[in-house]
Every structure is written in C-alpha cells, then in structure tokens.
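Architecture and fold: a report
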Amino acid sequence: MIIFSMAKMPYAVVQWDAVPFLLVALWIRFDERMTKMGADFVLGTACLWYAFRLLRWANVTINQICAKLDIYCFTLKKRKKD
C-alpha cells in the first residue's frame, strides 16, 4: 500500500487473487469425498498457479520499471561511442 500511495496509484481493496485459494480451502473443508491425496493434489496445483502468477508479476513489473527508467536489469548498457 505504501508503494501505491507513493506512486499515486489506486489500491485494490478487494484482492481477487485470494479467491481461488479461498475456494480451494472451502472445497477441501466441506467435500466429504476429498481424500488426503486429493487435497494434496489440489493444494499443489494451487501452489504452482500462485508461483506462476508471482513470477509473471515480477517479470512484468521489472520490465515496466526498466522501460520507464531506460535501464537494463542485472546488466550494463553498452557504452555510447563519442
């Protein structure tokens, strides 16, 4: 929230990324036919989904910052010839 306020950007009050995890948790809790192996599979799949989302977010964010500041991430620019 601090970054959003410093950047003068709107902050989403409802975090929609939490909805799939909430649905998975409710499914595991209230489905009587769900086995431990099934719950482990569903949670593993949710973990992979969130890992993909996190890496994608980091990639997009780094690219936007680098484009805005005209810099390269983790590399040096080639020297300009005078």
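Residues numbered from 1 in each chain as written. Predicted model: local features only at pLDDT ≥ 70, side-chain atom pairs only at ≥ 80, totals over all residues. Heavy atoms only, no water.

Glancing now at the packing of helix H2 (residues 19-30) against helix H3 (residues 36-69). Running from N to C, H2 and H3 cross one another at 175°; their axes reach a closest spacing of 11 Å. Here H2 is positioned roughly antiparallel relative to H3, judged by the angle of their axes. Contact with H2, carried on its side by Pro20, Phe21, Val24, Trp27 and Ile28, involves Ala39, Val42, Leu43 and Tyr50 of H3 and no other residues of that element. Residues that form the contact of H2 with H3 fall into these classes: nine nonpolar, no polar and no charged. (Axes fitted to C-alpha atoms, helices over the stretch in contact; angles between N-to-C directions. Helix = DSSP H or I, 4+ residues; strand = E, 2+ residues; numbered from the N terminus. Parallel < 35°, antiparallel > 145°, perpendicular 65-115°, else oblique. Contact = heavy atoms within 4.5 Å. Nonpolar A, V, L, I, M, F, W, Y, C, P; charged D, E, K, R; others polar.)

For the structure shown, the criterion picks out three salt bridges. Measuring nitrogen to oxygen at the nearest pair gives 2.8 Å for the salt bridge that ties Lys36 to Asp40. Highlighted residues: Lys36 and Asp40, both in helix H3, separated by four residues, approximately one helical turn. For Lys36, a relative accessible area of 63% corresponds to the exposed category. (Salt bridge = Lys/Arg side-chain N within 4 Å of Asp/Glu carboxyl O. Buried < 20%, exposed > 50% of the residue type's maximum accessible area, 1.4 Å probe, protein only.)

Right, let's talk about the packing of aromatic side chains for a bit. Inspection of every chain in the model, using the stated rule, returns one aromatic pair. Seen from their ring centres, Trp49 and Phe52 are 6.0 Å apart, and the 35° between their planes marks the pair as tilted. With Trp49 and Phe52 both in helix H3 and three residues apart, this pair spans about one turn of that helix. The exposure class of Trp49 is partly exposed, given its relative accessible area of 43%. The class of Phe52 is partly exposed, set by a relative accessible area of 48%. Of note, Arg29 hangs over the ring of Phe30, and the distance from its end group to the ring centre comes to 5.3 Å. (Phe/Tyr/Trp six-rings, centres within 6.5 Å; stacked < 30°, edge-to-face > 60°. Lys NZ or Arg CZ within 6 Å of the ring centre and 35° of its normal.)

Moving on, we get to unusual backbone geometry. Here Asp70, not a glycine, exhibits a phi torsion of approximately 55°, which is positive. Here Asp70 lies in the segment after H3. When its relative accessible area of 55% is taken as the criterion, Asp70 is described as exposed.

Attention now moves to the confidence of the model for the protein. Averaged over every residue, the pLDDT of the protein is 87; residues scoring 70 or more account for 89%. Model confidence for the protein, summarised as mean pLDDT per element, is weakest for helix H1 (residues 2-6) at 64 and strongest for H2 at 95. (pLDDT = per-residue confidence, 0-100.)

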